[in-house]
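Architecture and fold: a report
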Amino acid sequence: MDDPEERFTDLYDRHYRSVLGYALLRVERDVAEDVSSETFLVAWRRLDDLPEPPLPWLLGVARNLLAKQRDSRHRRQALVDRIAALHREQVGGDVAEHVADREAALAALSALPEQDVEAMVFATWYGLPPEQAAAVMGCSVRTYNVRLHRARKRLNQALRVGYPSRRMA
Amino acid sequence: MTDRMFAELKPAALDELTEEAYRRRRSADLAHAFAAPRTPRRRSRRPFLLVAGTVVAGLAAAAAVVVVSGQSPAALPNPRQAPIAAPSETRTPSARPVNARSFLLAAASTAMRDPARAGRYWYVRERTFTKVRVVPSEYEAKAKALIEEMEKKEKELEGAPEGLAATKKEFEAKFLELKTTDLPYLAYSADTRESWRAMKKGEPGRSLSHPVTVTFGSPEDEAAWKAAGSPKLVESTPRVRLDDTERILSIDNPSLTLQNLSDLPTTEGALKGELEALWKRSPNTAQTDKRGYLWQTGVDLMTAPITPATRSALFKVLADQPGITSQGQVADTMGRTGAALSVSTADAISYRLIIDGETAELLQYEVWEKDKPLLKVTLEQMGWTDTPKARPEG
């Protein structure tokens, strides 16, 4: 695969969904798609310099582009609000009990610092190891680990306080 | 425990949204990127950029990437730097027309991803819209009158060779006029033909011709036709016709057969050379220039079962042709949308291809004279079948 077009297409096919998925957690759909497109445009320009694996790098670019959204219409929303909004976009399929659980969990999450929630997203939804997640977030591995630990602890506490019975069951 | 619970919080809508957007935006994103210049490899300057643009946290991030990648720090981009490289590209690429070259390069990439398929019969169903140039009954009557007149004159001029030659010329001009005088309305005959070509040499193929229908350029054209007395515009072919004559694959390239297509080169350079050689041997039935030949041959190849690698190389060869313009997204006669690429040849004739950005398949090709289409051929279906009667699935 020496052909740059081939390499880029492969990169796009493998990672577009992940990059857009992340962007959707921060901004509305149309802006998220634009940010993803731009992320890959940056990747095209820097194709010869991409690290392996490239996903953390791509997510890092997307994260920086999102941070630059100054336009009020496109201002990024709180992570937890976006997660809740995306759940509302899902039509049907959810039973009430799950909704109640989810609402409680989201309420607990909204009490956490944004970056702590983000640390959880990278760890659990993306399965990124700490060094990769830290690279995306532009912090040290130590800082990332602190955030992740804090998030887990608070989430645990909040859930135990909020739902003694159901969580135990 | 907490992680598992958190994992369950991942919205299911996310996967649907990303999958849908991936399909919708892929071709435009690829084409848009290919149209943008790439930063040349400049490893020696990287450490400077890395240090100059970062604070302590950034350095830590870069260090983290080093751990992950195992590459030398000099080769690594810093995520914090990346957006600076492209400060102005914030608008949606799908909203602006993509240039023809980058679209074709994207198609080349897409074509590569197609699995190579094979079968016993190559099936093509195409619907051809041709501009009706003459009303057959009127043309016949006028032509007959002309011939009679000519024969009469010839008898009169017997033994006067100079006068005879001049008269012949005069009649030729009159015939040409008869054939090319535009009708006062724009009408197209549409005929659908299905063909099955056998992969095995010597095995009979099959083709089906469906009844010809007439369509008009616009309702005004239809009204003008009615005003002219609704003359019959096509010879009627009420039934489906069946024949097992071998249909030639590419009229301008008699050496190409279904059996030797897989020998065609798979790289851009080699295919370009092969097309050059084919052009030199071509009977060039349309008497067109080289550009016209290349597009017609390109169409013949796109509608034939060439390998994914040859198809990809073909798109790259076409991408390097001068004078291709993108006319944006258009619908074909079936309502499918694709990118319209146009290239003009001599004599105010231009070729236009409509290519599906998602599959890199040719949907329709057209020949235009100035701003009016003379011919539109819609590729309704193509694929392999096991029998000369079945149609491909899907």
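Residues numbered from 1 in each chain as written. Chains lettered and ligands numbered in written order. Predicted model: local features only at pLDDT ≥ 70, side-chain atom pairs only at ≥ 80, totals over all residues. Heavy atoms only, no water.

**Examining the overall build of chain A**
Scanning chain A for helices and strands turns up 9 helices and 0 strands. Taken from N to C terminus, the helices and strands of chain A fall in the order α-α-α-α-α-α-α-α-α. Counting the 169 residues in chain A, one finds 58% classified as buried. Taking as baseline every contact in chain A between residues at least 6 positions apart, the subset at least 24 positions apart corresponds to 68%. Element-wise, carbon and sulfur atoms account for 49% of the exposed surface of chain A, whose accessible area totals about 7,100 Å². (Helix = DSSP H or I, 4+ residues; strand = E, 2+ residues; numbered from the N terminus. Buried < 20%, exposed > 50% of the residue type's maximum accessible area, 1.4 Å probe, protein only. Contact = heavy atoms within 4.5 Å. Areas by Shrake-Rupley, 256 points an atom, 1.4 Å probe, with all protein chains shown as cover.)

**Focus on the overall build of chain B**
Each helix and strand counted, chain B has 12 helices and 10 strands in total. With 394 residues in all, chain B has 45% of them scored as buried. Put simply, 69% of the contacts in chain B that link residues at least 6 apart link residues at least 24 apart. With the model as given, the accessible surface of chain B reaches about 20,500 Å², and the carbon-plus-sulfur share is 54%.

**Digging into the nonpolar core**
Within the largest apolar cluster, 117 residues are counted, with the highest numbers of intra-cluster contacts made by F8(A), L109(A), F122(A), Y126(A), Y144(A), F6(B) and F315(B). Of the residues forming this core, the biggest block, 9 residues, is contributed by helix α1 (residues 4-24) of chain A. Apart from residues no more than four positions distant in its own chain, F315(B) is found in contact with L104(B), A107(B), A108(B), A111(B), M302(B), I355(B) and A360(B). The next biggest cluster of nonpolar side chains, apart from the first, holds 8 residues, and it includes L183(B), Y185(B), A187(B) and F216(B). (Core = buried A, V, L, I, M, F, W, Y, C linked by side-chain atoms within 4.5 Å.)

**What about the packing of helix α2 (residues 12-35) of chain B against helix α6 (residues 100-112) of chain B?**
All names here are of chain B. With their axes 8 Å apart at the nearest point, α2 and α6 run at an angle of 120 degrees to one another. Considered as vectors, α2 and α6 are oriented oblique to each other. As for the relative orientation of α2 and α6, their crossing is right-handed in sense. Contacts from R26, S27, L30, A31, F34 and A35 in α2 reach S102, F103, L105, A106, S109 and T110 in α6. Per-class residue counts for the contact of α2 with α6 are 7 nonpolar, 4 polar and 1 charged. (Axes fitted to C-alpha atoms, helices over the stretch in contact; angles between N-to-C directions. Parallel < 35°, antiparallel > 145°, perpendicular 65-115°, else oblique. Left-handed = near helix turned anticlockwise from the far one by under 90°. Nonpolar A, V, L, I, M, F, W, Y, C, P; charged D, E, K, R; others polar.)

**With respect to the packing of aromatic side chains**
All names here are of chain A. Inspection of the entire model under this criterion finds 17 aromatic pairs over all chains. Both rings, one in F8 and one in Y12, keep their centres 6.4 Å apart while their planes meet at 45 degrees; by these two values the pair is tilted. Taken as a pair, F8 and Y12 lie in helix α1 at a separation of 4 residues, close to a single helical turn. Judged by relative accessible area, which is 0%, Y12 ranks as buried. (Phe/Tyr/Trp six-rings, centres within 6.5 Å; stacked < 30°, edge-to-face > 60°.)

**Describing the environment of E268(B)**
All names here are of chain B. For E268, the location among the structural elements is in helix α10 (residues 268-281). Through-space distance from the C-alpha of E268 to that of K316 is 6.1 Å; in sequence the pair is 48 residues apart. Every residue in contact with E268, bar those within four places of it in the chain, is listed here: A313, K316, V317 and D320.

**A few points about α10(B)**
All names here are of chain B. With 14 residues, α10 extends 20 Å from end C-alpha to end C-alpha; this agrees with the ideal 20 Å at 1.5 Å per step. Among the residues of α10, those classed as buried are L271, L275 and L278. Mapping the buried residues of α10 onto a view down its axis gives an arc of 60 degrees, with all of them on the same face. Looking at α10, the residues exposed on the side facing more than 90 degrees away from the buried face are G269 and K280. Contact partners of the buried residues in α10: α11 (290-302) and α12 (308-319). (Expected span 1.5 Å × (residues − 1). Arc of directions from axis to C-beta.)

**Brief notes about the pairing of strand β2 (residues 187-198) of chain B**
Residues and elements named next belong to chain B. In terms of burial, β2 is a largely internal element, 10 of the 12 residues being buried. The pairing of strand β1 (residues 121-131) with β2 spans 11 bridges and is antiparallel. Considered in β2, the bridge of T128 is made with D191. Summarising the sheet, β2 and strand β3 (residues 206-209) pair through 4 bridges and their orientation is antiparallel. Bridged to E194 within β3 is L208. (Pairing = 2+ DSSP bridges.)

**A short note on the pairing of strand β9 (residues 362-369) of chain B**
The buried count for β9(B) comes to 7 of 8 residues, which makes it a mostly enclosed element. Here β9(B) folds back onto strand β10 (residues 372-385) of chain B in antiparallel fashion, the turn holding 2 residues, of which K370(B) has a positive phi close to 50 degrees.

**Some points on the confidence of the model for chain B**
For chain B, the average pLDDT comes to 78, and 80% of its residues sit at 70 or higher. The low-confidence segment residues 42-97 of chain B, where pLDDT is below 50, has 92 contacts with residues more than four positions distant or belonging to other chains. (pLDDT = per-residue confidence, 0-100.)

**Some words on the environment of K372(B)**
Residues and elements named next belong to chain B. As for its position among the elements, K372 is in strand β10. Judged by relative accessible area, K372 falls into the partly exposed class, the value being 40%. Expressed as a C-alpha distance, the spacing of K372 and G217, which sit 155 residues apart in the sequence, is 9.4 Å. Beyond its immediate stretch of four places on either side in the chain, K372 contacts L186 and V367.

**Thoughts on unusual backbone geometry**
With an omega dihedral of 0 degrees, the bond running from E52(A) to P53(A) counts as a cis peptide bond. When you line up the elements, P53(A) lands in the loop between α2 (29-45) and α3 (55-67). Even without being glycine, S230(B) reaches a positive phi, approximately 45 degrees. Judged by relative accessible area, which is 35%, S230(B) ranks as partly exposed.

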